Amino acid sequence: YLPILGLPEFRANASRIALGDNSPAIKENRIGSVQSLGGTGALRIGAEFLRRWYNGNNNTATPVYISAPSWENHNSVFVDAGFKDIRTYRYWDAAKRGLDLQGLLDDMEKAPEFSIFILHACAHNPTGTDPTPDQWKQIAAVMKRRFLFPFFDSAYQGFASGSLDKDAWAVRYFVSEGFELFCAQSFSKNFGLYNERVGNLTVVGKDADNVQRVLSQMEKIVRTTWSNPPSQGARIVATTLSSPQLFAEWKDNVKTMADRVLLMRSELRSRLESLGTPGTWNHITEQIGMFSFTGLNPKQVEYMIKEKHIYLMASGRINMCGLTTKNLDYVAKSIHEAVTKIQ
Amino acid sequence: SSWWSHVEMGPPDPILGVTEAFKRDTNSKKMNLGVGAYRDDNGKPYVLNCVRKAEAMIASKKMDKEYLPIGGLADFTRASAELALGENSEAFKSGRYVTVQGISGTGSLRIGANFLQRFFKSSRDVYLPKPSWGNHTPIFRDAGLQLQAYRYYDPKTCSLDFSGAMDDISKIPEKSIIVLHACAHNPTGVDPRQEQWKELAAMVKKRNLLVYFDMAYQGFASGDINRDAWAVRYFIEQGINVILSQSYAKNMGLYGERAGAFTVICSDAEEAKRVESQLKILIRPMYSNPPLNGARIASIILNTPDLRKEWLVEVKGMADRIISMRTQLVSNLKKEGSSHNWQHITDQIGMFCFTGLKPEQVERLIKEFSIYMTKDGRISVAGVTSGNVGYLAHAIHQVTK
């Protein structure tokens, strides 16, 4: 068996990857880590802890804000953890196909103090639209002033831009601004370890004593959920992160994956623009990560599925990883057809 | 100031605390009898040969790491159901069951507990045997259920208080939930005999109780997988649609791989499909889908005839070693000159033994002899070897004479 909180070498390395080697929080010994079953498991442990211990004891009425749209499972995680008041904050502006920053900031201003906000650290799922560093600064300022709790979901570190540090910028900025926060990490995509269920919940607190007590309570939550986590995937990640050669090789592998996605984005956009497909397609290369919100409406999506055998979400979200040099032409032509034939 | 100023320090886990104290001890004769993991006769962890072979097969195939379905690896869940129910089981053959992969025993228990909280509206009460595995209570409580108890262990005889159990169970309100340990009761090692299981089945049927079997030691208890699953199979044959949690941590030594399964016996295959859909809805917001490795190893072993045969031999080997240690402990106690009746040590079955030692005696064993166990006098027989059984007998005699 591993210890309840997981493999120590994994936990320390995983949190170090998120927070950075020079993180003040690590130096000041005020971080904790819980090895979890994927990013989902980390979210759930964090959610269960917050429901029991945040903003009072067992305060199920604390509002939890999830971006509109977001990964559907976010909602279920917090509902099943016992929260009764789950709300959305404005995020995606469908008309301009970008971030609705004003709406977002406005919702944060109006949110009750102490509300919990689920933030996507990078490569927002499903829109692929992230705040810029400057926008993150504005978000952090409001959250600090209104005592809002940041719960980061980091499922794509390295996978989004190709750079671990760049993709962790937002989390690290919040830490440098003195926030106490949670960050649910997944190693499913950036390590390709999907079915090994490798995740980590990073806890940043005011000091070591607070973090220690938090972890002792998280341990109790873990004990009744899965007792202790699976060892295989954590050993792979720990070994890789703690060996200079393997770490360098991994960073290279991650960049390779990220670059292929970036290539598919630019290739798809250029084909659509060459075809003269109605609408603007710059969002395809401006968005980041695995997913793209194409802008296709449900009827157009249905056309893609039924007539062209191209499967995507009703929201118009496509997984860019499904594109290859062999199918780019077919997909581009199909999108063109869908947009021109169906309104 | 911090959001967490009011967060209390959680109490240390009593079982883990034993191991931690053991690690700090510098006495060369020290023994860790708290750990719930099998050790070989050299006191070392034992990785089964069939597991190594399965691992080699997996490595050679260079499979991808794509997500499993939410309900887990199909070859594993089917083989798991067949292992528990028996290949000739009507319930198995008709398909009127659903089995989902769980995170070993704990995860499977929790899925079941969450399922009961959401869908078993007749009662919030879960009846556990007294005593039961320490983690049962917080699992059911965290799932939102209430805990009750029925008499089970008789400390005077160190065996089953059968009349007490039957009496208490006869008074359980109808449609309550009752947890039964399928074999190798944890922590006492005291199991009902088959005639007693028959009476228990008749009683729970009469009281119309929902039966939740926890089977963490199939094969590991008696050395015979069919014998250890007898109670589960008998109940189902009597028309009791049980729910069941299985673990492969001990019987396949897959501890850290977290291989387990949760099963619901249903009225028919159609009901099983509906139940399955709801189980998936429960699992998805917990951890999305389960880890593959342990389930893949277990599946290969169960589904490959040669490996399955080898596994049955190895699991019997582990069970036999434990039975042998029980026998040696009793004979060594006699040799020491102990006048107490230690028959319960060989009557009890499985990894654990309720010695009957009192907390003061346990304290002395820890302090004077560096022999570590939990305060309730429970020892893990798996931690006993032919090399240290004499020392253990000597120490026990010293504190009980």
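If you're wondering where the values come from, they're calculated on a predicted model, not measured in any experiment. (Residues numbered from 1 in each chain as written. Chains lettered and ligands numbered in written order. Predicted model: local features only at pLDDT ≥ 70, side-chain atom pairs only at ≥ 80, totals over all residues. Heavy atoms only, no water.)

Trainee: Which parts of the structure should I look at to understand the overall build of chain A?
Mentor: Looking only at helices and strands, chain A features 14 helices and 11 strands. Taking 2.2 N^0.38 as the reference for a compact globule, 343 residues should give roughly 20 Å; the C-alpha atoms of chain A span a radius of gyration of 20 Å, in line with that estimate. Taking the principal axes of its C-alpha atoms as reference, chain A extends roughly 60 × 50 × 35 Å. A burial count over chain A gives 61% of its 343 residues as buried. (Helix = DSSP H or I, 4+ residues; strand = E, 2+ residues; numbered from the N terminus. Rg over C-alpha atoms; globule rule 2.2 N^0.38 Å. Buried < 20%, exposed > 50% of the residue type's maximum accessible area, 1.4 Å probe, protein only.)

Trainee: Would you mind going over the sheet that holds strand β8 (residues 210–215) of chain B with me for this structure?
Mentor: Note: strands within a sheet are paired through backbone hydrogen bonds, in either parallel or antiparallel orientation. Residue and element names in this part refer to chain B. Taken together, 7 strands build an open sheet; the order of strands is β2-β10-β9-β8-β7-β3-β4 and the sheet is mixed. The open sheet is flanked by β2 (97–103) and β4 (146–151), the only strands paired with a single partner. Between one strand axis and the next, the sheet turns through 25° on average, direction left out of account. Judged from the 4 bridges that link them, β8 and strand β9 (residues 243–247) form a sheet pairing that is parallel. Within β9, the residue paired with Phe-213 across the bridge is Leu-244. Together, β2, β8, β9 and β10 (259–265) form the strand contacts of helix α3 (residues 74–85), whose direction differs from that of β2 by roughly 110°. (Pairing = 2+ DSSP bridges. Axes fitted to C-alpha atoms, helices over the stretch in contact; angles between N-to-C directions. Contact = heavy atoms within 4.5 Å.)

Trainee: What is the right way to look at the UniProt feature "domain: Aminotransferase class I/classII large" (unreviewed entry) in chain B in this model?
Mentor: Here the UniProt-annotated "domain: Aminotransferase class I/classII large" (unreviewed entry) positions come out as residues 29–396 of chain B. Taken end to end, residues 29–396 of chain B is 47% helix and 15% strand, and its two terminal C-alpha atoms sit 14 Å from one another. (UniProt positions renumbered as here; feature names shortened; annotations may be inferred.)

Trainee: When you look at the domain arrangement of chain A in this model, what are you seeing that I'm missing?
Mentor: It is common to report an interface's size as the accessible area lost on association of the parts. All names here are of chain A. Domain parsing of chain A yields domain 1 (8–242) and domain 2 (256–341). Taken over C-alpha atoms, the centre of domain 1 sits 29 Å from the centre of domain 2. Taken together, the contact between domain 1 and domain 2 spans 19 residues of the former and 18 residues of the latter. Interface of domain 1 and domain 2: buried area, both sides summed, is about 1,500 Å²; carbon and sulfur atoms make up 66% of it. Remark: the boundary between domain 1 and domain 2 carries 0 salt bridges. For the side of domain 1 that touches domain 2, the residue count by class is 7 nonpolar, 8 polar and 4 charged. (Domains from an automatic or database assignment. Buried area = accessible area lost by both parts, 1.4 Å probe. Salt bridge = Lys/Arg side-chain N within 4 Å of Asp/Glu carboxyl O. Nonpolar A, V, L, I, M, F, W, Y, C, P; charged D, E, K, R; others polar.)

Trainee: Just to check I follow, could you spell out the packing of helix α15 (residues 359–369) of chain B against helix α16 (residues 389–400) of chain B for this structure?
Mentor: When two helices pack together, you describe them by how their axes are tilted relative to each other and by the distance separating the axes. Residue and element names in this part refer to chain B. Axis separation between α15 and α16 bottoms out at 10 Å; the angle between their running directions is 125°. On the basis of the axis angle, α15 is oblique to α16. Between α15 and α16 lies a crossing whose hand is right-handed. In this structure, α15 uses Gln-361, Arg-364, Leu-365 and Phe-369 to contact α16, whose residues at the interface are Tyr-391, His-394, Ala-395, Ile-396, Gln-398, Val-399 and Thr-400. Here the residues of the contact of α15 with α16 are counted per class, giving 6 nonpolar, 4 polar and 1 charged. (Parallel < 35°, antiparallel > 145°, perpendicular 65-115°, else oblique. Left-handed = near helix turned anticlockwise from the far one by under 90°.)

Trainee: I keep staring at the UniProt feature "domain: Aminotransferase class I/classII large" (unreviewed entry) in chain A and nothing clicks. Help me out?
Mentor: Following the UniProt record, one finds the feature "domain: Aminotransferase class I/classII large" (unreviewed entry) at residues 1–335 of chain A. Its end C-alpha atoms 51 Å apart, residues 1–335 of chain A is made of 48% helix and 15% strand.

Trainee: Help me out: how do you make sense of the pattern of salt bridges in this one?
Mentor: Where charged atoms from two side chains of opposite charge approach closely, those side chains can pair. All names here are of chain A. Summed over the entire model, instances satisfying the criterion amount to 37 salt bridges over all chains. The shortest N-O distance in the salt bridge between Arg-44 and Glu-48 comes to 2.9 Å. Of this pair, Arg-44 and Glu-48 both sit in helix α3 (residues 38–53), separated by 4 residues, roughly a single helical turn. Notably, a salt bridge pairs Arg-271 with Asp-329, separated by 2.6 Å at the nearest N-O pair.

Trainee: Is there a simple way to think about the packing of aromatic side chains in this case?
Mentor: In this description, an aromatic ring pair is defined by two values, namely the gap between the centres and the angle between the planes. For the structure on display, the rule yields 45 aromatic pairs over all chains. When the centroid spacing of 5.1 Å and the interplanar angle of 85° are considered together, the rings of Phe-152 of chain A and Phe-174 of chain A count as edge-to-face. Taken together, the residues span a long stretch of sequence, with Phe-152 of chain A in strand β7 (residues 149–154) and Phe-174 of chain A in helix α8 (residues 169–176) at a distance of 22 residues. With respect to burial, Phe-152 of chain A and Phe-174 of chain A carry one shared label: buried. Considering the side-chain rings of Phe-187 of chain A and Phe-191 of chain A, the 5.9 Å spacing of their centres and the 65° angle between planes classify their relative orientation as edge-to-face. One aromatic cluster is present, built from ring pairs that chain together Phe-49, Tyr-54, Phe-78, Phe-83, Phe-114, Phe-147, Phe-149, Phe-151 and Phe-182 of chain A together with Trp-3 and Trp-4 of chain B. The ring of Trp-281 of chain A carries Arg-97 of chain A above its face, with NZ or CZ at 5.5 Å from the centroid. The ring centre of Phe-291 of chain A lies 3.7 Å from the NZ or CZ of Arg-317 of chain A, which sits over that ring. (Phe/Tyr/Trp six-rings, centres within 6.5 Å; stacked < 30°, edge-to-face > 60°. Lys NZ or Arg CZ within 6 Å of the ring centre and 35° of its normal.)

Trainee: Sorry if this is basic, but what is going on with the interface of chain B and chain A here?
Mentor: Residue-level contacts link 47 residues of chain B with 49 residues of chain A. Of the roughly 4,200 Å² buried where chain B meets chain A, counting both sides, 53% is carbon and sulfur surface. Looking at the side of chain B facing chain A, the largest losses of area belong to Trp-3, Trp-4 and Lys-65 of chain B, adding up to 20% of the total buried there. Put simply, Lys-65 of chain B and Glu-196 of chain A hold a salt bridge, and the shortest N to O gap is 2.9 Å. Here chain B is connected to chain A by 32 residue pairs in polar contact (both at pLDDT 80 or more). Of all the secondary-structure elements, those providing two or more residues to the side of chain B that touches chain A are α5 (104–119), α6 (136–142), α11 (269–287) and α12 (292–303) of chain B. Counting residues per element, the side of chain B that touches chain A draws most heavily on α11 of chain B, at 6 residues. (Polar contact = N/O pair within 3.5 Å; in protein donor to acceptor, adjacent residues only side chain to side chain.)

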